[in-house]
Amino acid sequence: MKIAVVGATGMVGEVMLKVLAERNFPISELLLVASERSVGKKLTYKGEEYTIIGLADAVTAKPDIAIFSAGGDTSLEWAPKFAEAGTTVIDNSSAWRMDPTKKLVVPEINADELTVDDKIIANPNCSTIQLVMALAPLHDKYKMKRVVISTYQSVSGTGIKAVRQLENEIAGVDGEMAYPYPIGRNALPHCDVFLENGYTKEEMKLAREPQKILDDRTFSISATAVRIPTAGGHSESVNVEFYNDFELNEIRGILNETSGVTVQDNPDTNTYPMPIYAHDKDEVFVGRLRRDETQQNTLNMWIVADNLRKGAATNAVQIAEYLVANELV
């Protein structure tokens, strides 16, 4: 299996290489691809040194799968060129997510929709992935009506420049700013750019992407996305109104039986999900499960995941694994 990792020098690209190695993905030839300014640089994978190549050379090489994490503009320009060459693209940007002709995939939920004809496959937003991992099995059972979500997102979701800003602020060093304000000792209700409706793009991704993944527009989602001074891991406070009533023990049982989800929910022992425990793990952690006492059939919960792994790299690699296992490439 000839694999290209596009954006190999970025934060997500580095984690993709780590995940591919950890999961022993079957690679006969690996192409590490980045922008022109990185061409010729060296990266190591499984103890072997590789030279970064450019996008044009990567298309010519006709990899079986190209996993993209290089930004929306790059994906819009280059993903079709790879697809035309016969490569199946798994794209981590927002470029193709809401394109009605492209599948938006979380493997545990809807990978069975994929066919050999799907040459550009979209990886959902990091916050969306962990949200739907917890919501999907509950929706199957109780039927969601409305979801209200507030996120607490780490600086790694913005990129290396934001991580450096936080590190500089902690160290008391003046440096380049990724955000319009300090992030240390602060919380910014501003993830991505603002839209005409007053929401940010991140908030609208959370509102729209779950409907597409679950192929269901009968429920609605309202989101507020907040950046906080954690280095990695996104957290979400989620309030879900169902059409049907539930028992909390049944909720815990359903989530416990869901592949990729781990329940951490015991107030007696202060057991609940936290980014520090989700770091470098692929599971989605769910806790603080409790009934909303102000409204019927409504659940509160707290969801945490490593945004660079299940929120990005691991989900993309899992899609690639599904393609290989089901002979779709």
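Below is a short write-up of the structure. (Residues numbered from 1 in each chain as written. Predicted model: local features only at pLDDT ≥ 70, side-chain atom pairs only at ≥ 80, totals over all residues. Heavy atoms only, no water.)

## Overview of the pattern of salt bridges
What counts here: Between Lys or Arg on one side and Asp or Glu on the other, a salt bridge is scored when a side-chain nitrogen of the former is within 4 Å of a carboxyl oxygen of the latter. In DSSP terms, a helix is any run of H or I states spanning at least four residues, a strand is any run of E spanning at least two, and both are numbered starting from the N terminus. Each residue is assigned to one of three classes by its accessible area relative to the maximum for its type, calculated with a 1.4 Å probe on protein chains only: buried under 20%, partly exposed between the two thresholds, exposed over 50%.
All chains considered together, the criterion is met by 21 salt bridges. The shortest N-O distance in the salt bridge between Glu29 and Lys2 comes to 3.8 Å. Of this pair, Glu29 sits in strand E2 (residues 29-33) while Lys2 sits in strand E1 (residues 2-6), and the two are 27 residues apart along the sequence. Lys102 is the partner of Asp99 in a salt bridge, and the nearest nitrogen-oxygen pair spans 3.7 Å. The class for Lys102 is buried, based on a relative accessible area of 17%. Salt bridges sharing partners connect three or more residues here, namely Lys18, Glu22, Arg23, Asp280, Asp282, Arg309 and Glu321.

## Topic: unusual backbone geometry
If you check the backbone angles, Lys143 has positive phi at about 65° while not being a glycine. With respect to the secondary-structure elements, Lys143 resides in the loop between helix H5 (126-142) and strand E9 (144-153). Residue Arg288 is not a glycine yet carries a positive backbone phi of 50°. Examined against the element boundaries, Arg288 turns out to sit in strand E13 (residues 284-291). Look at Arg288 and you get partly exposed, because its relative accessible area is 39%.

## Section: the layout of surface pockets
Stated precisely, the cut-off is as follows: Of the grid points, spaced at 1 Å and generated over the protein atoms alone, those admitting a 1.4 Å probe that cannot get out make up cavities, while open sets with protein on both sides within 12 Å along at least five of seven lines make up pockets; any residue with an atom within 4 Å of a point is treated as lining. Grid points are joined across faces, edges and corners, and a volume is the space filled by probe spheres set on the points. The classification used treats Ala, Val, Leu, Ile, Met, Phe, Trp, Tyr, Cys and Pro as nonpolar, Asp, Glu, Lys and Arg as charged, and all other residues, Gly among them, as polar.
Size it by volume and the largest pocket reaches roughly 1,300 Å³. Contributing to the lining of the largest pocket are 50 residues, with Ser69, Gly71, Gly157, Thr158 and Gly159 lying nearest its centre. Those elements that provide at least two residues to the lining of the largest pocket are helix H1 (11-22), helix H3 (72-84), helix H7 (201-213) and helix H10 (309-325). No other element matches H3, which puts four residues into the lining of the largest pocket. Across the lining of the largest pocket, the residue classes tally to 18 nonpolar, 23 polar and nine charged. Space inside the second largest pocket adds up to approximately 290 Å³. In terms of lining residues, the second largest pocket is bounded by 17 residues, among which Gly232, His279, Asp280, Asp306 and Leu308 are the most central. Going through the elements one at a time, H1, helix H6 (160-171) and helix H9 (275-278) are the ones with two or more residues in the lining of the second largest pocket. At four residues, H1 tops the list of elements feeding residues into the lining of the second largest pocket. Across the lining of the second largest pocket, the residue classes tally to eight nonpolar, four polar and five charged.

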